[in-house]
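If you want the building blocks of each chain, they are given just below.
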Amino acid sequence: MKRTILAAALLLAATGGAQAQQSTMSFFVTSVGSGKGADLGGLEGADRHCQQLATAAGAGGKTWRAYLSTQATGGQPAVNARDRIGKGPWTNAKGEVIAKSVEDLHGPSNNLTKQTALTDKGAVVNGGGDQPNTHDILTGSQPDGTAFAGSQDMTCGNWTKSGTEGAAMLGHHDRRGLDESPPAKSWNSSHASRGGCSQDALKSTGGAGLLYCFAAN
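In this text the structure is predicted, and so the values were computed from the model without any measurement.

Visitor: Describe the overall build of the protein chain, and please don't skip the residues or the numbers.
Guide: The secondary structure content of the protein chain amounts to five helices and eight strands. Walking the protein chain from its N terminus toward its C terminus, one meets helices and strands in the order α-β-α-β-β-β-α-β-α-β-β-α-β. A separation threshold of at least 6 residues defines the contact pool for the protein chain, and within that pool the share at least 24 residues apart is 66%.

Next comes the structure, spelled out in structure tokens:
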């Protein structure tokens, strides 16, 4: 009986510790995508997805924003991902600091790696060499976190497309690519999706329609 009580107490302590860490979490990679490729329901739908996952993880007391840019269209101005996510610092589900500020996040010394870019559940996301590889993260952004200018679609219709048309800029959360070039190692601007914006198109280059989520407050 004593052993059973002790085991239960240890389990409760471990669970409580994990929940406490996740309640202080201010950054994560989504554990699941929308299920509709890059159609996230626009920025509003993407933010809602981040908020719902954060709430389920015990960190819903913050205002969560998806790290996504949108392009100017139909009289609407572009939105820069870097301007949506607050000032930092940001920590993952284990309390590890990802970046101290917006400038740090987009600089060479940020701490965003495969080991630290954890999901809302505190899990490591598959990267290059894993099966399946899901290191492609939707961002629609340039390396400095700003939106793309011009008419070339880099945001899958500002996150409303899920077919064979359009493309989205992707980052590699594991900082790993086919070579040693800066794009191959970029967490937010590695390459565009190929074959459209569908779930299958995203899978074909090593993705699952996942997002970066940041607490903006």
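So, next bit.
Visitor: A description of the packing of aromatic side chains should follow, citing residues and the corresponding values.
Guide: Evaluation of the coordinates by the stated rule reveals eight aromatic pairs. Centre to centre, the rings of Tyr 67 and Trp 187 are 4.9 Å apart; their planes meet at 50°, and the pair counts as tilted. Of this pair, Tyr 67 sits in the loop between strand S2 (64–66) and strand S3 (90–91) while Trp 187 sits in the loop between strand S6 (169–172) and strand S7 (191–192), placing them 120 residues apart in sequence. Here the two residues Tyr 67 and Trp 187 agree in accessibility, since each one is buried. Ring pairs connect the aromatic residues Phe 27, Tyr 67, Trp 90, Trp 187, Tyr 212 and Phe 214, which therefore count as one cluster.

Visitor: Could you give me a rundown of the side chain of Ser 189, with the residues and numbers involved?
Guide: Looking at where Ser 189 falls in the secondary structure, it is placed in the loop between S6 and S7. A distance of 2.9 Å separates a polar atom in the side chain of Ser 189 from the backbone oxygen of Ser 141. The residues touching Ser 189, leaving out its near neighbours within four places in the chain, are Ser 141, Gln 142, Pro 143, Phe 148, Met 169, Leu 170, Gly 171 and Pro 183.

Visitor: For the state of the cysteines, give the residues involved together with the corresponding values.
Guide: Structurally, a disulfide amounts to a covalent bond that connects the sulfur atoms of two cysteines. Across all of its chains, the model carries two disulfides by this definition. With its sulfur 2.0 Å from that of its partner, Cys 50 forms a disulfide with Cys 213. On the sign convention where negative is left-handed, the bridge of Cys 50 and Cys 213, at about -75° about the S-S bond, is left-handed. Residue Cys 50 is found in helix H2 (residues 42–56), and its partner Cys 213 is found in strand S8 (residues 207–215); the two are separated by 163 residues along the sequence. Here Cys 50 falls in the buried class, since its relative accessible area comes to 0%. Cys 213 sits in the buried class, given a relative accessible area of 0%. Through a disulfide, Cys 156 is tied to Cys 197; the S-S separation comes to 2.1 Å. Judged by the torsion about the S-S bond (-95°), the Cys 156/Cys 197 disulfide is left-handed. Placement of the pair is Cys 156 in helix H4 (residues 156–159) and Cys 197 in the loop between S7 and helix H5 (199–204), with a sequence separation of 41 residues. Of the two residues examined, Cys 156 and Cys 197, each falls in the buried class. When the bonded cysteines of the protein chain are numbered from the N-terminus onward, they pair as 1-4, 2-3.

Visitor: If you had to explain the pattern of salt bridges to someone new, which residues and values would you point to?
Guide: By the definition in use, this model includes six salt bridges. A salt bridge links Arg 48 to Glu 44, with the nearest nitrogen and oxygen atoms 3.9 Å apart. In this pair, Arg 48 and Glu 44 both sit in helix H2, four residues apart, roughly one turn of the helix. Residue classification places Glu 44 among the exposed residues on the basis of a relative accessible area of 61%. The network of salt bridges with shared partners includes Asp 47, Arg 65 and Arg 84.

Parameters and conventions
- Residues numbered from 1 in each chain as written.
- Predicted model: local features only at pLDDT ≥ 70, side-chain atom pairs only at ≥ 80, totals over all residues.
- Heavy atoms only, no water.
- Helix = DSSP H or I, 4+ residues; strand = E, 2+ residues; numbered from the N terminus.
- Contact = heavy atoms within 4.5 Å.
- Phe/Tyr/Trp six-rings, centres within 6.5 Å; stacked < 30°, edge-to-face > 60°.
- Buried < 20%, exposed > 50% of the residue type's maximum accessible area, 1.4 Å probe, protein only.
- Polar contact = N/O pair within 3.5 Å; in protein donor to acceptor, adjacent residues only side chain to side chain.
- Disulfide = S-S within 2.5 Å.
- Salt bridge = Lys/Arg side-chain N within 4 Å of Asp/Glu carboxyl O.

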